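Survey of secondary and tertiary structure
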Amino acid sequence: MAIVLRLVQQFQHSKKQEFMELEKQFAELEHRGVLPRGERLIPISSRDPGNTVVWQARFENFAAAEAALKLFETNPEHSELANKQKHFFESTWIEFYEVMEW
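Here we summarise the structure given alongside this text. All of these numbers come straight from a predicted model, not from anything done at the bench. (Residues numbered from 1 in each chain as written. Predicted model: local features only at pLDDT ≥ 70, side-chain atom pairs only at ≥ 80, totals over all residues. Heavy atoms only, no water.)

**Details of a nonpolar patch on the surface**
Filter applied, for reference: The patches reported here contain residues having more than 30% relative accessible area and no salt bridge. Joining distances are 9 Å for like charges and 5 Å for nonpolar side chains (Val, Leu, Ile, Met, Phe, Trp, Tyr). Computed with a 1.4 Å probe, the accessible areas rest on the Shrake-Rupley method; for each residue, only the protein chains presented here act as cover. Salt bridges are counted wherever a side-chain nitrogen of Lys or Arg sits within 4 Å of a carboxyl oxygen of Asp or Glu. Where helices and strands are cited, they refer to DSSP runs of H or I of at least four residues and of E of at least two residues respectively, numbered from the N terminus. Burial classification: accessible surface area is computed with a 1.4 Å probe over protein chains only, and a residue below 20% of its type maximum counts as buried, one above 50% as exposed, and the rest as partly exposed.
Together, F62, I94 and F96 make up a nonpolar patch on the protein surface, roughly 250 Å² of accessible area in all. Note that F62 resides in helix α2 (residues 62-74). By relative accessible area, which is 34% here, F62 ends up partly exposed.

And the structure:
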C-alpha cells in the first residue's frame, strides 16, 4: 500500500525569507541524496494560511515512510538545519495518506 507522507509547517510571516533560505538548504540535501526527495507546496487557495509550507513524498509502504522520518531525526545535517529553522515555526505536524490505487 503506497503512502504519502506530508510534513506541514506554518512559519512566522515576518521570517518568511529566513525560513525559505533554510528550506532551500534542505532541498540541497535531497538533491545530493542525503535525504529522501520530496516536493514543497505553498498554498495559493487552501484552508491553510499563506505562511504554510508542505513537504510531501510518496513511499511504497508505511514502513518506508517511517524510515524517512527516522532518517530526519538521526541525520546530523538535517538536525543542524532543523535546529536553525525551529525558531521560525508557529506550528508543524505530520500527515500520512494512503494512496488509493484502484
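**Considerations on the layout of surface pockets**
Here is the rule: Cavities and pockets were defined on a 1 Å grid built over protein atoms only: a cavity is a set of grid points that admits a 1.4 Å probe from which the probe cannot escape, a pocket is an open set flanked by protein on both sides within 12 Å along at least five of seven lines, and lining residues are those with an atom within 4 Å of any such point. Grid points are joined across faces, edges and corners, and a volume is the space filled by probe spheres set on the points. Residues are grouped as follows: Ala, Val, Leu, Ile, Met, Phe, Trp, Tyr, Cys and Pro are nonpolar; Asp, Glu, Lys and Arg are charged; all remaining types, including Gly, are polar.
Its volume calculated, the largest pocket comes out at about 430 Å³. Secondary structure elements with two or more residues in the lining of the largest pocket: β1 (3-11), α1 (16-31), α2, α3 (76-85) and β4 (89-98). Across the lining of the largest pocket, the residue classes break down as ten nonpolar, five polar and four charged.

**Describing the pattern of salt bridges**
Any two side chains of opposite charge can pair, so long as their charged atoms come close to each other. With the rule as written, the count across this model stands at nine salt bridges. A salt bridge links R32 to E77; its shortest N-O distance comes to 2.9 Å. In this pair, R32 sits in the loop between α1 and β2 (39-41) while E77 sits in helix α3, placing the two residues 45 residues apart along the sequence. For E77, a relative accessible area of 31% gives the class partly exposed. When the shortest N-O distance is used, the salt bridge between K84 and E80 registers 3.8 Å. On the criterion of helical spacing, the pair formed by K84 and E80 is a turn pair, its members being four residues apart in helix α3. Salt bridges linked by common partners bring R6, R47, D48 and E95 together as one network.

**Considerations on α2**
Test applied: Here the expected length of a helix is defined as 1.5 Å per residue gap, with one fewer gap than residues. Throughout, the arc means the angular range of directions from the helix axis out to the C-beta atoms.
Spanning 13 residues, α2 covers 19 Å between terminal C-alpha atoms, matching the ideal 18 Å at 1.5 Å per step. Residues of α2 that are buried: A65, A68, L69 and F72. Buried residues of α2, seen end-on, are gathered within an arc of 95 degrees and therefore sit on one face of the element. Across α2 from its buried face, at more than 90 degrees, point the exposed residues A63 and E73.

**A few points about the packing of α1 against α3**
Stated precisely, the cut-off is as follows: Each axis is a line fitted through C-alpha atoms, and for a helix only the stretch in contact is used; angles between axes span 0 to 180 degrees, taken between their N-to-C directions. Comment on the angle field: the value is read as roughly parallel under 35 degrees, roughly antiparallel over 145, roughly perpendicular from 65 to 115, and oblique elsewhere. In this analysis, two residues are considered to be in contact whenever any of their non-hydrogen atoms come within 4.5 Å of each other.
Contact pair α1 / α3: the axes reach a minimum separation of 10 Å and the direction vectors enclose 170 degrees. In terms of axis orientation, α1 runs roughly antiparallel to α3. Of the residues in α3, those in contact with F19, L22, E23, Q25, F26 and L29 of α1 are E77, H78, L81, A82, K84 and Q85.

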